Amino acid sequence: MRGLPPVAITAMVFVAGFALCTAQFPNFASTRVAANLLTDNAFLGIVATGMTFVIISGGIDLSVGSVIGFTTVFVALAIERLGVPPLVAFAAILLLCAAFGAAMGAIIHVFDMPPFIVTLAGMFLARGASFLMSTESTPITAPLYSTVSDFALRLPGGGRLTAIALIMLAVVAAGAALLHFTRFGANVYALGGSRATTALMGIPVGSMTVRIYMLSSVLAGLAGIVFSFYTAAGYSLSAVGVELDSIAAVVIGGTLLTGGQGSVAGTLLGVLIQGLIQTYINFDGTLSSWWTKIVTGILLFAFIALQQAMLGIASRAGPRKAGVLKS
Amino acid sequence: MNASSDPGSALLEVRGLSKSFGTLRALQEVDFTLRAGEIHALLGENGAGKSTLIKTVTGVFPRDTGIVRLGGAEVAPRSAKAAVDAGIATVYQEVNLLLNLSVAQNLYLGRQPTRFGLVREAEMRRRAAELLAEFDLHIDVAEPLGNYSVAVQHITAIARAVDQSARVLILDEPTASLDRHEVEILFAVMRKLALRGIGVIFVTHFLDQVYEICDRITVLRNGRLIGERETAELPRIELIRMMLGRELAGTTSERAAAKVRQAGEVCARFEGYGKVGCVAPFNLALRRGEVIGLAGLLGSGRTETARLVFGAERADSGSATVEGKPVRLQSPRDAVAHGFGYCPEERKTEGIIADLTVRENIVLALQAKRGLTKPLSRAEQEGIAIRFIRLLDIRPPEPERPIGLLSGGNQQKVLLARWLATAPRLLVLDEPTRGIDVGAHAEIIRLIRELCDDGLALLVISSELDEIVTYSDRVIVLRDRAHIDELEGEAIDVSNVLAAIAATGTAGAEAGQA
């Protein structure tokens, strides 16, 4: 099946990493650690799901980190300063994000511009706009926020599966279904295979591009809301560099950076591997938390090298299947 | 089939179609009639207007004047998709399908069976398998299309087109990258479609194939209609005359001239040269002023031999000497440094750089050889470009024209010029005449002969045995990734080469004869 071997490797890396941690810290293997892993990386999981679609379609979205930052400030100010009910604020920001993503997608398609440049512009725009609104961290004290952070499913062993972890798992599940079981998903893979060919096959490439970037921005907005639950504050400097973390998660998850292959499940594993490294560092207590970046960098490099090697092997494999022909 | 597609009735009628690009009149008042249930060859040299006709009819280009009727009703599609919806589907030489998707997804992309918004994968695969079974293709449709051969990809593209209720199927050079066996399979599919009342337009450069399968022939030249004939009533020489607009001397009779040439001393020698899984170790001596032809079926190891010689593949056994000195050919860079040149088979992807001008394409290899620290001045570049444009008769003779806008034959000449500019001692030509029309064909062959008269050693790969036999001083025959025979002098003729390929009646040879 497509994308399976790289995902299998990602899964093995995760399991091996978890085993390693458990060997060193006996109480590592607990539902508490597992649940915290999901909670701490909930926003990353959500935004990386959107990034998976973008990358499989052959694009990239550098604006997501800034969109998260913008969202936290927008939500905090709307609730705290303007007294807007939280749910109304959420709906407003998601609509705004949808429009933002649609605009980026439309520019990419209509002017045939590289997604890298367009979303880079989007990244500066969103980050600048969030600074314009507020340069300070704004705490959110709305009752909904304490309700959400108090909510959790108790797991045997003391783990608390929080609301934001559940949102993330729901997004991943829905994203996987959308990518693997719908026409939309098939078109995403098709775009990553070849834009020109996809257009010749009668797929509306323009509207697909718009919708893919819209999806990514909406999920970034949702990740921003989740991030505001997580930190109970809105801050224009939050989630700096998250676009790169999410790209790393997608690639470690076995998605081809050039598009056309990949899976949402792999991305979730990629996110969890990054979280696992962070957790290990917390357990250790003496290591600098920046080791997370170093190890992520090494893993990223290893996975890209692996992809190249596998492509090389595939192209050198020699005779292709002729097919069984009766004539 | 409905009433409008009775066998014999006019299915697609093109009347007075014209199309200009700027000042270039690509099509002038062209008429074309396709009957239901026939296979109709559309022939002409490069630049005759075949592609323009197809693209204008299918809405890829807007047309200037003229009408197109399909089954009596006027159609004017504005895009390839609109043409498909109207019932005119095109399958190009470069298969326009997605190699990263499964065969089934390729067949049903954009129209997958769904339930509650979800694709019914199992249902889609079942239908895909059924659809392909109609074409005698029994493969695992869940596999990515890229895992299958080009022939399977072509049939998949045709199946998709036909399934989208195509009444007219246009095949643009579908056989160019297929071997004999695969061509047979494709022909079987074409005949089956014709029996179903579909009109098939077949664009090709292979005249043998035209006579094998086509009912009628339409010939274009310089954007004009030259004639429409029944295949059975059109002798081959007459057809060639229609295509070229001039008498063409029989190519085989020129063989005698080639034999008198004296071979010079050895300039490059390969001993026990080979690579596991690529080509078995071979001995090869290349002499100045000599053309060596590599003959064999597709996949017999011809291209692999060329790539080894040029260092594009690293040999894992044997040794190479140039002018008597041992050399190591680790990369094309090494090969270029030793005076080798290579015109690859994949002209579009490995040869030309489409967006650069003719001048820039010509000086590319020379500049690379000199190194970046010794740039060629603009004046030198222009001098070189103009010299080769004149020498090789590259048309149009404009050094600043992007090479992508030239015809295939002229692109090939630019590639030759690129290497000739480096004053090589050995030039490897992989399928130099592929996808090139008859006229340019003869010209390329003439160039090959002249090059060797100038003392160049040439190693030429070609699937066209007639051609290889015409210009080669020695022919090396390959089969199953090994050099199996070598013919010299009087022994070089098509039947001997065929006999050598088929010598021990192995699987490879059977595939070729099937």
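Reading the values: the criteria
Residues numbered from 1 in each chain as written. Chains lettered and ligands numbered in written order. Predicted model: local features only at pLDDT ≥ 70, side-chain atom pairs only at ≥ 80, totals over all residues. Heavy atoms only, no water. UniProt positions renumbered as here; feature names shortened; annotations may be inferred. Helix = DSSP H or I, 4+ residues; strand = E, 2+ residues; numbered from the N terminus. Buried < 20%, exposed > 50% of the residue type's maximum accessible area, 1.4 Å probe, protein only. Patch = residues over 30% accessible without salt bridge, like charges linked within 9 Å, V, L, I, M, F, W, Y side chains within 5 Å. Areas by Shrake-Rupley, 256 points an atom, 1.4 Å probe, with all protein chains shown as cover. Salt bridge = Lys/Arg side-chain N within 4 Å of Asp/Glu carboxyl O. Pairing = 2+ DSSP bridges. Axes fitted to C-alpha atoms, helices over the stretch in contact; angles between N-to-C directions. Contact = heavy atoms within 4.5 Å. pLDDT = per-residue confidence, 0-100. Core = buried A, V, L, I, M, F, W, Y, C linked by side-chain atoms within 4.5 Å. Phe/Tyr/Trp six-rings, centres within 6.5 Å; stacked < 30°, edge-to-face > 60°.

Peer 1: With reference to specific residues and values, describe the UniProt feature "transmembrane region" (unreviewed entry) in chain A.
Peer 2: All names here are of chain A. Using the residue numbers shown here, the UniProt feature "transmembrane region" (unreviewed entry) corresponds to residues 6-25, 62-80, 87-110, 161-182, 212-230 and 289-306. For the annotated span residues 87-110, helix accounts for 100% and strand for 0% of the residues, and the straight-line distance between the end C-alpha atoms is 34 Å. The span residues 161-182 is 86% helix and 9% strand, and its two end C-alpha atoms sit 29 Å from each other.

Peer 1: Which residues make up unusual backbone geometry, and what values go with them?
Peer 2: Positive phi, close to 60°, is recorded for Ala239(A), a residue that is not glycine. As for its placement among the helices and strands, Ala239(A) is situated in the loop between strand E4 (233-234) and helix H12 (242-252). Despite not being glycine, Glu29(B) shows a phi value in the positive range, around 50°. Following the sequence through the fold, Glu29(B) ends up in strand E2 (residues 24-35). With a relative accessible area of 55%, Glu29(B) lands in the exposed category.

Peer 1: Which residues make up helix H1 (residues 50-57) of chain B, and what are the values?
Peer 2: Side chains of residues three or four places apart in an α-helix project in the same direction, reflecting 3.6 residues per turn. All names here are of chain B. Among the eight residues that make up H1, six are buried, leaving the element largely enclosed by the rest of the structure. Among the residues of H1, Lys50, Thr52, Leu53, Ile54, Thr56 and Val57 are the ones counted as buried. Immediately downstream of H1, the backbone of Gly59 shows phi near 80°, a positive value.

Peer 1: I'd love a proper account of a nonpolar patch on the surface, names of residues and values included.
Peer 2: All names here are of chain A. Together, Ile107, Val110, Phe111, Met113, Phe116 and Ile117 make up a nonpolar patch on the protein surface, roughly 580 Å² of accessible area in all. Of all the secondary structure elements, the ones that give two or more residues to the nonpolar patch are helix H5 (86-110) and helix H6 (115-133). Val110 sits in the exposed class, given a relative accessible area of 57%.

Peer 1: Hey, could you go over the sheet that holds strand E17 (residues 317-322) of chain B for me, with residue numbers and the actual values?
Peer 2: All names here are of chain B. Pairing in this open sheet of four strands is antiparallel, and the strands run E15-E14-E17-E18 from one edge to the other. Strand pairing shows two members of the sheet lacking a second neighbour, strand E15 (279-287) and strand E18 (325-327), which therefore form its edges. For this sheet the average axis-to-axis angle between neighbouring strands, irrespective of direction, equals 20°. Pairing geometry for E17 and E18, over three bridges, is antiparallel. Opposite Ala320, over in E18, you have Val327 as the bridge partner. Relative to the sheet, helix H10 (residues 302-309) contacts strand E14 (266-275) and E15, its axis offset from that of E15 by approximately 65°.

Peer 1: Explain the confidence of the model for chain B residue by residue, including any values.
Peer 2: Residue and element names in this part refer to chain B. With 89% of its residues at a pLDDT of 70 or more, chain B shows a mean pLDDT of 82. In this model residues 1-7 is a low-confidence stretch, pLDDT under 50, and it forms 12 contacts with partners more than four residues away in sequence or in other chains. Across residues 504-514 the pLDDT falls below 50, and counting only partners more than four positions away or on other chains, this stretch makes 16 contacts in the model.

Peer 1: Report on the nonpolar core, specifying residues and quantitative values.
Peer 2: In globular proteins that are soluble, nonpolar side chains generally tend to be buried together. Core analysis: the largest hydrophobic core is formed by 149 residues, its most contacted members being Ile68(A), Leu43(B), Ile158(B), Leu169(B), Met190(B) and Leu193(B). Residues contacting Leu193(B), with those up to four places away along its chain left out, are Phe135(B), Ile158(B), Val162(B), Leu169(B), Ile198(B) and Val200(B). Counting 76 residues, the second-largest nonpolar core is a separate cluster that includes Cys267(B), Leu420(B), Cys452(B) and Val460(B).

Peer 1: Could you give me a rundown of the sheet that holds strand E16 (residues 291-295) of chain B, with the residues and numbers involved?
Peer 2: Working definition: the strands of a sheet are paired by backbone hydrogen bonds and lie parallel or antiparallel to each other. All names here are of chain B. Reading across the sheet, the six strands line up as E19-E20-E21-E16-E22-E23 and stay open at both edges, with mixed pairing between neighbours. Single-partner strands in this sheet number two, and they are strand E19 (340-343) and strand E23 (482-488). Averaged over all pairs of adjacent strands, the angle between their axes in this sheet comes to 20°, without regard to strand direction. Pairing of E19 with strand E20 (residues 426-430), which is carried by four bridges, proceeds in the parallel orientation. If you follow Phe340 over to E20, its bridge partner there is Leu426. Against the sheet, helix H15 (residues 408-420) touches E19 and E20, its axis set at about 170° to E19.

Peer 1: Could you give an account of the packing of aromatic side chains, with specific residues and numbers?
Peer 2: Two descriptors summarise a pair of aromatic rings, namely the distance from one centre to the other and the angle between the planes of the rings. All names here are of chain A. Per the stated rule, a full pass over the model turns up 17 aromatic pairs over all chains. Taking 6.1 Å as the distance between ring centres and 45° as the angle between the ring planes, the aromatic pair formed by Phe14 and Phe18 counts as tilted. Linking Phe14 with Phe18, this pair stays in helix H1 (residues 4-24), spanning four residues, or about one helical turn. By relative accessible area, which is 15% here, Phe14 ends up buried. Seen in terms of ring centroids, Phe28 and Phe283 are 4.8 Å apart; in terms of plane orientation they differ by 50°. Their pairing is tilted. A residue pair is termed long-range when its members are at least 10 positions apart, and Phe28 in the loop between H1 and helix H2 (31-40) and Phe283 in helix H13 (residues 264-284) qualify at 255 residues. Phe28 gets classed as buried once you look at its relative accessible area, which sits at 0%. Three or more aromatic residues joined by ring pairs make a cluster, and in this case those are Phe14, Phe18, Phe25, Phe28, Tyr280 and Phe283.

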